[in-house]
Amino acid sequence: MLRKKLIAGNWKMNGLVREGTELAAAVAAGVKSESLNDKCDFLVCPPFTLLSIVGEALKGSGVALGAQDAHFAEKGAHTGDVSPVMLKDIGCSYVILGHSERRADHGETSALVAKKAAAAYKSGLKAVICIGETLAEREAGKTLDVCVAQIEESVPAEADADNTVVAYEPVWAIGTGKTPTPADVEEVHAAVRNALAQKLGQDIADKIRILYGGSVKPGNAKDFLSLADVDGALIGGASLKAEDFLNIARAVC
Ligand code: PGA
């Protein structure tokens with residue numbers, strides 16, 4: 001298989017210790033008992049406060065642990081930030097970078113995302129680099145231009161299929177229940193892969209996984225994940241219920 005699908009949960013700013021532990025344990029048990037990771041890779045990205053206990057709950061299940069952001073520095077005077085070295089130390093293998101909520105809420109630019117991704121690689125973390133257009137950009141017919149520019153600027157030159165996953169998440173589809181059509185998604189994914197080929201070479205671009213994210217649910221997962229250039233999903237709301245998350249996986253793995 002050229003690209004093993006990745007089913008990734010982004011819990012965002014949700015979960016206290018008890019529910020986070022239970023959710024992680026239920027996901028781990030489902031993936032393990034049904035050997036779902038024979039066909040798909042799995043990733044769970046809880047908030048920083050739950051990384052440690054979720055990491056414990058996931059041990060031995062084949063579900064990877066990831067964080068939702070990281071600073072680019074290894075340590076130092078950056079109040080409130082967490083470094084990639086710290087994330088690696090606590091058992092993370094992935095970090096989500098450049099999610100549209102970070103771009104919108106914290107003014108993160110693509111240049112900053114690229115800097116963070118390069119730092120993540122140095123610490124041995126894989127980066128899930130997020131891109132996607134706003135509704136205004138889509139309505140203005142700029143979707144492909146925006147996504148291609150975000151790839152050019154957010155993906156470091158050192159990116160390869162081992163250290164990088166790209167997630168295409170139309171901003172207007174996140175948490176709204178609205179989605180693009182499968183044809184629209186495939187069009188963007190193909191353009192993203194082409195942009196990756198321009199930047200990194202065709203060989204690497206052919207191997208990098210490009211996830212779709214934005215209102216993925218058990219009922220629509222197959223529509224997106226059966227597309228040629230869609231190599232998995234980044235799931236927000238539906239990753240907060242173990243059965244929904246597992247049912248997405250069952251539909252495609
Ligand atoms: P959603 O979020 O599945 O709740 O739309 C996806 C994401 O933001 O990663």
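Above this text is the structure in question.
Computed from a prediction, not measured in an experiment: that's the story for all the values here.

For the rest of this paragraph, the subject is the site of the ligand. Neighbouring the ligand are 13 residues, the closest being Lys12, His99, Glu169, Gly175 and Ser215. Asn10 is positioned with one of its side-chain polar atoms (N or O) 3.4 Å from an oxygen atom of the ligand. One of the backbone nitrogen or oxygen atoms of Ser215 is found 2.7 Å away from an oxygen atom of the ligand. Isolated, the ligand exposes 280 Å² of accessible area, and the fraction of that covered by the protein chains is 97%. Residues of the shell around the ligand, tallied by class, amount to four nonpolar, seven polar and two charged.

What follows covers the side chain of Ser83. If you trace the backbone, Ser83 turns up in the loop between strand E3 (63–67) and helix H3 (84–89). The buried category is assigned to Ser83, whose relative accessible area is 3%. Non-local contacts of Ser83, meaning those with residues more than four positions away in its chain, are made with Ala70, His71, Ala73, Glu74 and Lys75.

Time to look at the side chain of His71. In this fold, His71 is placed in the loop between E3 and H3. Residues in contact with His71, not counting those within four places in the same chain, are His78, Asp81, Val82, Ser83, Pro84 and Lys116.

Attention shifts here to the packing of helix H5 (residues 110–122) against helix H7 (residues 143–154). The geometry of a pair of packed helices is captured by two quantities: the angle between their axes and the separation between those axes. Between H5 and H7, whose axes approach to 7 Å, the crossing angle comes to 45°. Between H5 and H7, the interaxial angle falls into the category oblique. Contact residues: Ser110, Ala111, Val113 and Ala114 in H5; Gln150, Glu153 and Ser154 in H7. For the contact of H5 with H7, the residue count by class is three nonpolar, three polar and one charged.

For the coordinates displayed, the defined rule picks out 17 salt bridges. The partner of Arg102 in a salt bridge is Glu108, with the nearest N and O atoms 2.9 Å apart. A residue is classified by how much of its surface remains accessible, and Arg102, at 21% relative accessible area, is partly exposed. For Asp184, the salt bridge is made with Arg138, and the minimal N-O distance between the two is 3.6 Å. Here Arg138 lies in helix H6 (residues 135–139) and Asp184 lies in helix H8 (residues 182–200), a separation of 46 residues in the sequence.

Rules used in this analysis
Residues numbered from 1 in each chain as written. Predicted model: local features only at pLDDT ≥ 70, side-chain atom pairs only at ≥ 80, totals over all residues. Heavy atoms only, no water. Near = heavy atom within 4 Å. Polar contact = N/O pair within 3.5 Å; in protein donor to acceptor, adjacent residues only side chain to side chain. Areas by Shrake-Rupley, 256 points an atom, 1.4 Å probe, with all protein chains shown as cover. Nonpolar A, V, L, I, M, F, W, Y, C, P; charged D, E, K, R; others polar. Helix = DSSP H or I, 4+ residues; strand = E, 2+ residues; numbered from the N terminus. Buried < 20%, exposed > 50% of the residue type's maximum accessible area, 1.4 Å probe, protein only. Contact = heavy atoms within 4.5 Å. Axes fitted to C-alpha atoms, helices over the stretch in contact; angles between N-to-C directions. Parallel < 35°, antiparallel > 145°, perpendicular 65-115°, else oblique. Salt bridge = Lys/Arg side-chain N within 4 Å of Asp/Glu carboxyl O.

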